Amino acid sequence: MEQEVGWEPKLLGFLCRWCSYAGADLAGISRKKYPANIKIIKVPCSGRVDPLFIIKALRLGFDGVLVSGCYPGDCHYQTGNYCARRRMAITKKFLEYMGIESQRIQASWVSASEGGKLAEVVTEVTKELREIGPNQLFADGK
Amino acid sequence: MINNKKINKRDIGNLLNEWSQEFTVFVPLRESGVAMLSKWDGKDTGFMDWHRNTVQPIKANFFPPMEEMFSFQKGKEGYHIELPSSDEHKQLIFGIRPCDARALIILDMTFKDLYEDPYYLPKRNNMVLIGLGCTNPYDSCFCTSLGINPGESADVDLMLTDMGDQFLIEEITEVGKELIAKASRVEEATEADEAEAREVKEASYNKVTRKIDTEGIKEKLLSCFEDQDFWEKVSTKCISCGICTFLCPTCYCFDINDELVRRQGTRFRSWDSCAFPVYTKMPMENPRLEKWRRVRQKVCHKFEFYPMNFDIIACVGCGRCIRQCLVNWDITQTLNSLPTRV
Amino acid sequence: MENKKIEQKLRQEAKTLLQQRRVDYIIGYEMGSLKFTTTPLITKSENDTDRLVVNPFIVNNLSVYLTEVKGKVGIVVKGCDSRSIVSLIQDNKIAREALVIMGIPCPGLIDLKKVELLLGKDRDELDNITRDGDKVVIMVDGKESNFPATEVLFDNCLVCEFPTPQEYDVLLGEPTFPVGDITAGQAKIRQLKEMAPQQRWEFWKNEFSRCIRCYACRNVCPACFCQKCFVEESEPQWVLPTPKWQDNLLFQAIRNIHVAGRCTDCGECERVCPMNISLRSLTREMYEIVGELFQYKAGMDKNALPLLTAYESTEVEDFIR
């Protein structure tokens, strides 16, 4: 699997509006640098993320997906992130069993005041994706 | 007097290889436990030891489950459309059963009636069918009730009868005649061969034990069309999947979809089923929302509407729908229990 | 025969239920139109109850009809089916009071595909198949051969932990114990786990190239009861109806995730697939994942919350940064 020259990992991030997205805003205001490889979709809550979005993103060609929400206990909707936690645990293990690299499906808790953490998370995830190479999972071998 | 030919089974590999120069040869193969007509690998003739019909029907070779219609790209001046490259190779189907061969005649009526389908027809017109008479029909086969003889077919180019070590070869069309004329190791059949073949054919005919009474079937269906109680009772156990229609050799419904990525895409057609609840879904309503309506439509389409419009029953009694149905819904039971109003 | 006695009791019970108007419908099994096949019997009429059968071929998971039949239902269930019913009750799709559950302790069912492979003959070429304790006796062309039952039972029957129904109103027969060859029933999954991820993905790519999207797997599953499945959604269109392997794989992966915690490994999806796709290697793995991560087994407690709507304040999150 040869990498094209100048290939950049494409990361899709689902950030919850109340914590993680606010954290991303803070990162911006504080001038914290993080890779532009991430495309962010704002969701009301990490619990909004259906595993269907994750695998559809991989199907469309994204190299990795990050779901980020509030810390357990801090969810704006009380219980949304608990549901997300369960769902993500199952999804990650199941898709890994099917053969998808574990680095492609990532999750984090980032609060509204953690601009630095968000920048760190995106930087690390992008680095991991760069290491495992482009997503060829759904490429037509024929 | 018609002089039939014969060939020893051990020479079939050689014959298929000869034909492979001109055609892509398809034979009934079992891959991953599923029997279908697949490209012959050029060597293995073990498929001749298996005497039953395939799971995937012959239609898959001319009307595949998924077919690219064209691809398109939006440019500055408009859309640029590209047709898929056509497969220049002609198909030679070895081992098609009389029921499936008849099914092709029925399918043809859809694809070359008022509109000539440019995807189906080139493949269909360029192919050669080598029929093979059945010696071991399933208990779900009921071809004989539909005027089809498991041992004979006029819908193929050459018709083979399995006589154990050898095949009797009957030339049905000019194309078949030409094919066999050039073939090596083909001999003339003797009187004894002919007699044996006749016995084999008769035995096959008698092995088909499942029967339906097609006498006046379209009138019977017409008379009980509004009998909701009957249709509800008969359809309760159906679970509206698409297996019966997908595996039916005469079913032809398809859906068309575009796969789009930004400014380019591909238009596909793929098999669709009237059994699906969303088949007749429209913005305002769904006329076949209830399951009994869909089941009724499936039966009537084949045994009432087709006879009414085209004088032919759109079923060849291959029995796949019965064998593969998850809940053993049996169309022959339904047809044999139609309430008749005197 | 034990089965005959159970059959008699069942027919009597079903008839009484209808006669006393305690149910509107009886859902059970009757002889099918093919050899060694049974078919669902859904009836309002007492006379039809004489056709109810109990034999080694009662494969269908009848709970799939509960989300569409209206009224009170008397239903025949085996171990796995009873858990599907509990799962549906947890999801609030059916009310326990609307059911009279007639449970049949299940010794495991005979997989005709395995029999056909073993004998090199199709089912309609066999004379008879009977279960005799831990043996299965098959008669072909007048000759009898014996096989250990573990060679011809369904894989999911071999790993079944709860063959006696969990939830029932009347139990027809003595509670039975697992046939218990857990290793045999998990063989395919273990093989897959020994492969490298890329190899595993290639395996699934290959399997799903055969899929024709007939949706038999989805329709036969009691846990799939959505009025509008995500594959039927056109705005946005997640998956095209076109059976490309990528979309077939996506469909099945998401279907499994959607039924996580509700799938009881009844094995119907794999049995019905006309293209012989190894679906149970997905469903069983999901069953194991759910058990390992959350100590949860589908369909055990009708008062419990469904898996994906429940949570503990502390649970596995080592994968979360």
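This one's a predicted model, so the numbers in the text were calculated from it and none came from an experiment.

(A) Quick look at the overall build of chain C. Each helix and strand counted, chain C has 12 helices and 8 strands in total. For chain C, the spread of C-alpha atoms along the three principal axes comes to 60 × 50 × 40 Å. Counting only residues that meet the buried cut, chain C has 50% of its 321 residues in that class. Counting only contacts in chain C whose residues sit at least 6 apart along the sequence, the fraction spanning at least 24 positions is 67%.

(B) Expanded view of the sheet that holds strand β11 (residues 254-261) of chain B. All names here are of chain B. With antiparallel pairing, the 4 strands of this open sheet are ordered in space as β5-β4-β12-β11. Strands at the two margins of the open sheet, each flanked by one partner only, are β5 (78-82) and β11. Averaged over all adjacent pairs, the angle separating strand axes in this sheet is 25 degrees, with direction ignored. Relative to strand β12 (residues 264-271), β11 is paired through 8 bridges, and the arrangement is antiparallel.

(C) The arrangement of the interface of chain A and chain C in detail. Contact with chain A, which involves 29 residues of that partner, is made by 29 residues of chain C. Considering every element that reaches the side of chain A that touches chain C, the biggest residue donor is helix α3 (residues 80-98) of chain A, with 14 residues. Residues that form the side of chain A that touches chain C fall into these classes: 17 nonpolar, 4 polar and 8 charged.

(D) Highlighting the nonpolar core. Of all hydrophobic cores here, the largest spans 212 residues; its most connected members are Ile93(B), Ile130(B), Ile75(C) and Ala216(C). With 10 residues, the top contributor of residues to this core is α3(A). Setting aside chain neighbours within four positions, we find Ile93(B) in contact with Phe26(B), Leu37(B), Ile58(B), Asn61(B), Met127(B), Leu129(B) and Ile130(B).

(E) Highlighting unusual backbone geometry. Residues and elements named next belong to chain C. Glu235 connects to Pro236 through a cis peptide bond whose omega is 0 degrees. Mapped onto the elements, Pro236 comes out in the loop between α9 (216-220) and α10 (245-258). For Phe36, which is not a glycine, the phi torsion comes out positive at approximately 55 degrees. With respect to the helices, strands and loops of the structure, Phe36 is situated in the loop between β1 (25-31) and β2 (38-43). For Asn92, which is not a glycine, the phi torsion comes out positive at approximately 65 degrees.

Reading guide: rules and limits
Residues numbered from 1 in each chain as written. Chains lettered and ligands numbered in written order. Predicted model: local features only at pLDDT ≥ 70, side-chain atom pairs only at ≥ 80, totals over all residues. Helix = DSSP H or I, 4+ residues; strand = E, 2+ residues; numbered from the N terminus. Buried ≥ 20, exposed ≤ 12 C-beta atoms within 10 Å, placed from the backbone. Contact = placed C-beta atoms within 7 Å. Pairing = 2+ DSSP bridges. Axes fitted to C-alpha atoms, helices over the stretch in contact; angles between N-to-C directions. Nonpolar A, V, L, I, M, F, W, Y, C, P; charged D, E, K, R; others polar. Core = buried A, V, L, I, M, F, W, Y, C linked by C-beta atoms within 7 Å.

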